[in-house]
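# Geometric and topological summary
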Amino acid sequence: MTREEMLAYCLGKPGAWLDRPWEGDEVVKVGSRIFAFLGAPDGTARVGVKCGPSREVADEWLHRFPADARPMPYVGRSGWNALDLGGTIPDDELVEAVDGSYEAVVAKLPRRERPT
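Figured I'd write up the structure that's included with this text. All of these numbers come straight from a predicted model, not from anything done at the bench. (Residues numbered from 1 in each chain as written. Predicted model: local features only at pLDDT ≥ 70, side-chain atom pairs only at ≥ 80, totals over all residues. Heavy atoms only, no water.)

### Some remarks on the pairing of strand S6 (residues 80-84)
Burial analysis of S6 places five of its five residues in the buried class, which makes it a mostly covered element. Side chains Trp80, Ala82 and Asp84 of S6 all project onto a buried face; the interleaved residues Asn81 and Leu83 project onto the opposite face, where all are buried too. Note: strand S4 (residues 46-50) against S6, five bridges, orientation antiparallel. Bridge assignment links Val49 to a residue of S6, and that residue is Asn81. Here strand S5 (residues 69-71) runs beside S6; their pairing, made up of three bridges, is antiparallel. Bridge assignment links Ala69 to a residue of S6, and that residue is Leu83. (Buried < 20%, exposed > 50% of the residue type's maximum accessible area, 1.4 Å probe, protein only. Helix = DSSP H or I, 4+ residues; strand = E, 2+ residues; numbered from the N terminus. Pairing = 2+ DSSP bridges.)

Take a look at the structure:
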């Protein structure tokens, strides 16, 4: 899966929108919250997603894909991992990870911000 394909998939989620909160970095949000970090368009092709409610749950990705999954800086302790695109992680599992991140973020949004 390419970065462009991942971005298109993320933006296809209900209520999803592209934001550039930091110079050169792109994220996809639902409501006011990020559910996917994509980084710089010319950087390494990876997606940062919430892989579980805790670091312990998210660590399963690190055990299964040690070359292509790592905790994200700053938010990793909360269950966020960076997953490389085009590596050993199958595309269907990357899509499932994005779906899980989206669902976890939507569940925490105030009702007024949730997509209809």
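Now that the structure has been shown, the text picks up again.
### Some points on the layout of surface pockets
The space that makes up the largest pocket amounts to roughly 420 Å³. Lining the largest pocket are 19 residues, with Asp25, Phe37, Gly39, Met72 and Pro73 positioned closest to its centre. Breaking the lining of the largest pocket down by element, the ones donating at least two residues are strand S2 (25-30), strand S3 (33-39), S4 and S5. Looking at the lining of the largest pocket residue by residue, the classes come out as 11 nonpolar, four polar and four charged. (1 Å grid on protein atoms, 1.4 Å probe; cavity = no way out; pocket = protein on both sides within 12 Å on 5 of 7 lines; lining within 4 Å. Points joined across faces, edges and corners; volume = space filled by probe spheres on them. Nonpolar A, V, L, I, M, F, W, Y, C, P; charged D, E, K, R; others polar.)

### Focus on the pattern of salt bridges
Counting across every chain of the model gives eight salt bridges. With a shortest N-O distance of 2.7 Å, Lys13 and Asp99 are connected by a salt bridge. You can see Lys13 sitting in the loop between helix H1 (3-11) and strand S1 (16-22) and its partner Asp99 sitting in helix H3 (residues 91-108), a full 86 residues away along the chain. As far as burial versus exposure is concerned, Lys13 and Asp99 are alike and both buried. (Salt bridge = Lys/Arg side-chain N within 4 Å of Asp/Glu carboxyl O.)

### Some remarks on the environment of Tyr102
Along the chain, the position of Tyr102 falls in helix H3. Apart from the residues within four sequence positions on either side, Tyr102 is in contact with Lys13, Pro14, Val30, Phe35 and Pro115. (Contact = heavy atoms within 4.5 Å.)

### Some remarks on the environment of Glu56
Along the chain, Glu56 turns up in helix H2 (residues 55-64). Put simply, Glu56 and Ser78 are 22 residues apart on the chain and 9.4 Å apart in space, counted from C-alpha to C-alpha.

### As for the nonpolar core
Counting residues in hydrophobic clusters, the biggest one holds 33 residues, and the most contacted among them are Met6, Val28, Phe35, Val47, Val49, Trp61 and Leu83. For this core, the secondary-structure elements that each account for two or more residues are H1, S2, S3, S4, H2, S6 and H3. In terms of residue count, H3 provides more of this core than any other element does, six residues in total. Beyond its immediate stretch of four places on either side in the chain, Leu83 contacts Arg46, Val47, Val49, Cys51, Trp61, Asp68, Ala69, Ile89, Leu94 and Ala97. (Core = buried A, V, L, I, M, F, W, Y, C linked by side-chain atoms within 4.5 Å.)

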